[in-house]
Amino acid sequence: MTPLLLSAFTATSCLGRGLDATRHALRSGRSGLAPCAFETVKLDTWVGEVAGVDDERLPTALADYDCRNNRLTRLGLETDGFGNQVRDAIDRYGRARVGVFLGTSTAGILQTELAYRRRDPATGALPDDFHYRTTHNSFSLAEFTRDYFGLEGMAMAISTACSSSAKVFAAAARQIELGMIDAAVVGGVDTLCLTTLYGFASLQLTSPRPCRPYDAARDGISIGEGAGFALLERAAGAAPGSVLLLGAGESSDAYHMSSPHPEGLGARLAMEAALKSAGLTPADIDYINLHGTATPANDAAEGTAVAALFGDRVPCSSTKGATGHTLGAAGAIEAVICALALTDGLLPGSPGTATPDPAIPVQYLLERREGRVRRVLSNSFGFGGSNCSLVFGVAA
Amino acid sequence: MSSPLRAWIEGIGLIAPGLPDWPAARAVLRGEQAYAAAPSVLPAPALLPPAERRRASRVVKTALAVGLEAVAHAGADASQLTTVFAASGADGHNCHALCEQLASDDRQISPTRFHNSVHNAAAGYWGIATGAMAPCQVLCAYDASFGAGLLDALAQVALMRQPVLLIAYDSEYPEPLHAKRPIPDCAGVALLLNPEHGPRALAAITVSPTADAAEPLADAELEALRADIPALRALPLLQRLATGDAGRVCLDYLAPMQLAVRIGPC
C-alpha cells in the first residue's frame, strides 16, 4: 500500500489520559489494572477502568448520544489536541473529504443493560430516555464523532470483536488510496459493560489476578476500556521521524467462534499479508506489539505463528498487562503504543508477566528496552476468527 | 472523473419478507409477479455442522443463505472469497435475552449466548461453514449499513483485484427493543463483485457520492420494505438488475452523502 501519515494520534486507557500518561506508564512498567469495582459487577477479576469517564459531558445538541462509550469517545477526541488537528484537517480538505472509521465491540450496550433495569412494570417498555440508535447501536460512536465534527462524508463502524480498531486503519487506507477521501479519523472505543465482563467470565477466560500475557502460568484476560485515535492523511511531505502506516493485513481463521486456530494459521496469514502490503520482510521488523491477551490458547497460537515467521530475533511484548484487554479499542490503542515505540525508541515491557512461557520460542520482553526502532508490527485478533496486523514505520 | 469504485456483478442473493430468493424477487421487481406479503423464509444453513445448524440464529441463517445464493449464482468457490458483512445490528433475540438476564438476580449468562452476541457472529459462522481464510470485514452504519458495505467492498475489489462477496443483512429485535428499533423482519442482500469482466457478468456497477435523494420505489409495499429494513435500501439497485435497464439510481447512505449507482450492461 501507499504509506499514510499519522498526522495526529492519542490514546486514553487505565494508564491515563493521553500520550504523556501512556508513555510514562510504559517507561516505568506500571499497570493500570485494579480489582473490579465497576458498577454493580460482582466478579473475581481485575479490570482497566478509565478514571473520570462519567464526569464527561457531551455538547447539548448531541445529548441523545450520552452514554459511557460516547463520553469516553469525546474525552479521547479532546486529548493531546487531537480534536483541533481534526478541525484543521476539515478546514484543509472539506467536511465531505474527511472520513470516520471507528472500531468497537459493544459500543454503548451498557446503556441498554441499565435501561432493562428500568422497564415499565406494567408494559415492560424501555424508558423514554433510552435512545437505541445513538447509544446501543454499533455505529453510535462513529455517528457521534461524525456529528461532533460536523462531517458530511463517509463513516462506518467496524465490529469484528477484538480486531475492530486495527481493521479501521485498513478500511480508511483503501478509501484514501482510491481518492474517495483525503483524510480519516480512525480509532476505537470500548467501555466496560456487563455483557463483556460476565460474558468472558462465562467462557472462563477472565483471570482472578492481573493478566499475565505470555507467562507460563497465564490464566486469562483482564478486561479494560479505552479510546485510541489517529488522523490518517497522505504522507507526501511528511517531516522526517513522522509516524507512517506502512502496511495492513487481514485474514480469517475459519476455525471456531471463540477459540483461535491452534497453530495460529490465521494470525500468520495476517502478519504475512501486512508485511507484503508494506513491501517488507520479517527481517525489517524491530518490535512486535503482540495481541497477547493472556489466555492459554491465544498466546500459544499467536506465539506459534510469530515464532514461525520471525523466530526469536524480534523483541516483542503484549501491553495488555498494562492496559488490560480493551477489546474493540485494543487495535487503536496498541497502534498508538507502536507510534510511541517509534517516536520515543521505547520497546514496552509486560507488567504482570514473571516467567515467559518456555513453550513459546519468541524474544519476549519482560522489561522495557530503549533503542532505535524503525518499523513495528501490531497484532489484533478477534472472536469469530477475524485477524488484522498493521505495520508502522517512520518517515525518512 | 469516473469513480474508482466499480466492478462486475456476477451473483445476487436476496431474502426479504414475501421474497424468498433472487428469482422470486426478480419476477416481482420486473412486474411479472405481484408482491405478496409474507414472513421471510430462512433456510437452515446446510453448510454448518449439525449442532451449529440447529442452533443457528435467524440473523446467521439470513446472512449465510443470501451469501450462498450469490456464490451459487456466480458459480464461485466460497472458500476462496474475501467477504464484507454489513449489518445494522447483531442478533436481536440473543441481545434481548442477555440484557434480560443481566438485569435479573442471576447474571451467569451462557457462554454460547455471549459468543453469539458479537456483531461478527454471522461472519464467524460463514468462515467455519466455508473454510474461507480470506479477509472478512464486518461493518455497521445503522440505516446506512448497505452503503457502507458497498463502499468498502468496491474499494477492496479495486485495490486487491480479487472478487469480493458483499453480504448485507438485518434481523428484528423482540420487544421491548423492537419499539426502539422497529425492524419488521429479517432480510438480506448479497452481491458477488468481480474486478474482471468474465462470462458470468450480469451487469457493471459504478458507485460515486452524490447529494441527490434516493428515489422511492413505485410499489408501496416494496417501498415500505426499502424504508423499514436497512439492507433493503439496495432495492432500487436490485430493481435495475432485475429489469436489465442500464442507468443511474440513487441509494440512501448517510445524509447528506448519498450513493449514485450506475448500472451498465455487460
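Residues numbered from 1 in each chain as written. Chains lettered and ligands numbered in written order. Predicted model: local features only at pLDDT ≥ 70, side-chain atom pairs only at ≥ 80, totals over all residues.

S.K.: Help me out: how do you make sense of the overall build of chain B in this one?
M.R.: For chain B, the count of helices and strands is 10 helices and 8 strands. The C-alpha atoms of chain B give 18 Å as radius of gyration, which agrees with the globular expectation for 266 residues (18 Å, within 12%). Expressed as lengths along the three principal axes of its C-alpha atoms, the size of chain B is roughly 60 × 40 × 35 Å. Burial status across chain B gives 57% buried among its 266 residues. Considering only contacts within chain B whose residues lie at least 6 apart along the sequence, 71% involve residues at least 24 apart. (Helix = DSSP H or I, 4+ residues; strand = E, 2+ residues; numbered from the N terminus. Rg over C-alpha atoms; globule rule 2.2 N^0.38 Å. Buried ≥ 20, exposed ≤ 12 C-beta atoms within 10 Å, placed from the backbone. Contact = placed C-beta atoms within 7 Å.)

S.K.: Please explain helix α2 (residues 68–77) of chain A as it appears in this structure.
M.R.: Residue pairs spaced three or four apart in an α-helix point in one direction, given the helix's 3.6 residues per turn. Residue and element names in this part refer to chain A. Counting buried positions along α2 yields 9 of 10 residues, so the element is predominantly enclosed. Of all the residues in α2, the buried ones are Arg68, Asn69, Asn70, Arg71, Leu72, Thr73, Arg74, Gly76 and Leu77. Where α2 is buried, its residues meet β1 (4–13), α3 (82–93), α4 (109–115), α6 (140–148), β7 (183–190) and β9 (226–234).

S.K.: When you look at the pairing of strand β10 (residues 243–252) of chain A in this model, what are you seeing that I'm missing?
M.R.: Both faces of the sheet carry side chains from a regular strand, because those side chains alternate between them. Residue and element names in this part refer to chain A. Where burial is concerned, most of β10 is hidden: 10 out of the 10 residues are buried. Pairing geometry for β1 and β10, over 2 bridges, is antiparallel. The partner of Leu5 across the bridge, within β10, is Leu244. Relative to strand β17 (residues 386–394), β10 runs antiparallel, the two sharing 9 bridges. Bridge pairing in β17 places Ser251 opposite Asn387. (Pairing = 2+ DSSP bridges.)

S.K.: Before we go on, may I ask you to explain the interface of chain A and chain B in this structure?
M.R.: Accessible area lost upon the coming together of the parts is a frequently used measure of interface size. Residue-level contacts link 54 residues of chain A with 51 residues of chain B. Elements represented by at least two residues in the side of chain A that touches chain B include exactly α4, α5 (132–136), β6 (155–158), α7 (164–177), α8 (194–202), β10 and α9 (265–278) of chain A. Tallied by class, the residues present in the side of chain A that touches chain B amount to 23 nonpolar, 20 polar and 11 charged. (Nonpolar A, V, L, I, M, F, W, Y, C, P; charged D, E, K, R; others polar.)

S.K.: Which parts of the structure should I look at to understand the packing of α7(A) against helix α7 (residues 145–160) of chain B?
M.R.: Packed helices, taken two at a time, are described by their axes: the angle between them and the distance between them. For the pair α7(A) and α7(B), interaxial distance at closest approach is 10 Å and the crossing angle is 65°. What the angle tells us is that α7(A) and α7(B) run roughly perpendicular. Here α7(A) and α7(B) pass one another in a crossing that is left-handed. Here α7(A) contributes A:Ala171, A:Arg174, A:Gln175 and A:Glu177 to the contact with α7(B), which in turn contributes B:Asp152, B:Ala155, B:Gln156 and B:Leu159. Split by residue class, the contact of α7(A) with α7(B) holds 3 nonpolar, 2 polar and 3 charged. (Axes fitted to C-alpha atoms, helices over the stretch in contact; angles between N-to-C directions. Parallel < 35°, antiparallel > 145°, perpendicular 65-115°, else oblique. Left-handed = near helix turned anticlockwise from the far one by under 90°.)

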